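Structural overview for review
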Amino acid sequence: MRSAGDSEAQALALLDHVRRLGLRRFDTANTYGGGASEEVLGAWLRAQGAAYRQTVQIATKVGNPHGCPPGETPLSRTQIAHHLDVSLRRLGTERIDLFYLHELDRVTPLEETLAAITRAVEAGKIASFGVSNASLADVQAIKALAGERLAARFAFVQNEYNMLATADAEALIPWCAGHGLGYTAFSPLAGGMLTGKYEDGAAPPKGSRLAEAPEACAAYLTTEARETIARLRAAAGARGETMARAALRFVLDTPGLDSLIIAPRRIAHFESSGLSTG
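Residues numbered from 1 in each chain as written. Predicted model: local features only at pLDDT ≥ 70, side-chain atom pairs only at ≥ 80, totals over all residues. Heavy atoms only, no water.

Considerations on the sheet that holds strand S6 (residues 182-186)
- Spatial strand order, S1-S2-S3-S4-S5-S6-S7: 7 strands in an open sheet with parallel pairing. Where the open sheet ends on each side, the last strands, each with one partner, are strand S1 (25-27) and strand S7 (259-260).
- Here 5 bridges tie strand S3 (residues 96-101) to strand S4 (residues 126-132), and the two strands are oriented parallel to one another. Paired with isoleucine 96 across the bridge in S4 is isoleucine 126. (Pairing = 2+ DSSP bridges. Helix = DSSP H or I, 4+ residues; strand = E, 2+ residues; numbered from the N terminus.)

Below, the structure written as structure tokens:
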């Protein structure tokens with residue numbers, strides 16, 4: 001789970017609800033909310049006590065190009081070291097369980113990036129690492145260059161995967177499963193497009209992603225996507241379930257997929273997604 005773009009009170013209420021549900025994996029990034037996501041999560045975790053912290057997994061990320069200073073690259077040795085220490089401070093922890101390369105910057109030599117991750121592992125600052133927004137070739141290159149010791153810490157790939165974005169099911173997900181890597185799907189509801197809240201020909205609801213950032217949903221507005229959404233609506237209706245629950249089930253039923261990330265903004269969204277409200 002992550003809290004970005006919402007008030008602190010909303011985020012804390014969602015985190016309290018997540019604990020009641022028994023969910024134990026938290027996903028954030030150093031750039032979500034300009035760092036506020038890590039700060040809120042860190043403060044909440046401290047309030048839960050040290051014993052609870054030992055039962056959960058914290059994942060955060062480094063490498064988003066936004067905010068990278070001139071003359072630097074997002075995944076350079078100095079940038080990784082700097083942002084890792086900032087994330088540790090915000091999260092109030094001595095070690096991050098899963099540290100993602102948010103996206104490869106295509107400029108920093110991969111050897112330099114992996115050397116920085118190696119130093120962080122050896123310093124006890126991260127337990128394992130992963131890569132996000134990556135191709136099969138990217139993942140294979142990381143695995144090959146990591147070396148035996150670091151490769152053992154390469155744990156997860158996190159990419160967009162949903163009914164409207166299924167390319168990874170062809171090769172990347174099976175490859176991960178065959179090489180000991182977990183695969184986590186982000187945006188399993190396609191930014192809300194698979195929840196049923198958008199109707200063809202109608203204005204998007206106020207405050208929705210499609211209303212506030214239509215450019216981010218452009219890939220979901222094709223004729224093919226609309227046809228897929230229509231089929232999902234019909235199939236979910238025939239089974240008497242919400243579109244969101246049917247869409248999440250599609251993702252979770254994908255062979256080789258380990259987990260998915262949900263980012264509800266209201267507690268009611270848990271119910272519509274098929275998660276118990278506790």
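Still more ground to cover, so stick around.
Some words on the pattern of salt bridges
- Evaluated as defined, the whole model comprises 8 salt bridges.
- Across the pair arginine 25 and aspartate 258 runs a salt bridge whose closest N-O atoms are separated by 3.5 Å. Here arginine 25 is found in strand S1, whereas its partner aspartate 258 is found in the loop between helix H10 (243-252) and S7, with 233 residues between them in sequence.
- Classification of arginine 25 by relative accessible area gives partly exposed; the value is 37%.
- Judged by relative accessible area, which is 41%, aspartate 258 ranks as partly exposed.
- Residues aspartate 97 and arginine 53 are paired through a salt bridge, measuring 3.3 Å at the closest nitrogen-oxygen approach. With aspartate 97 in strand S3 and arginine 53 in helix H3 (residues 50-53), this residue pair connects regions lying 44 residues apart in the sequence. In this structure, aspartate 97 and arginine 53 share a single accessibility class: buried.
- A network of salt bridges, in which partner residues are shared, links Arg239, Glu241 and Arg249. (Salt bridge = Lys/Arg side-chain N within 4 Å of Asp/Glu carboxyl O. Buried < 20%, exposed > 50% of the residue type's maximum accessible area, 1.4 Å probe, protein only.)

Taken by themselves, the reported measurements are silent on function.
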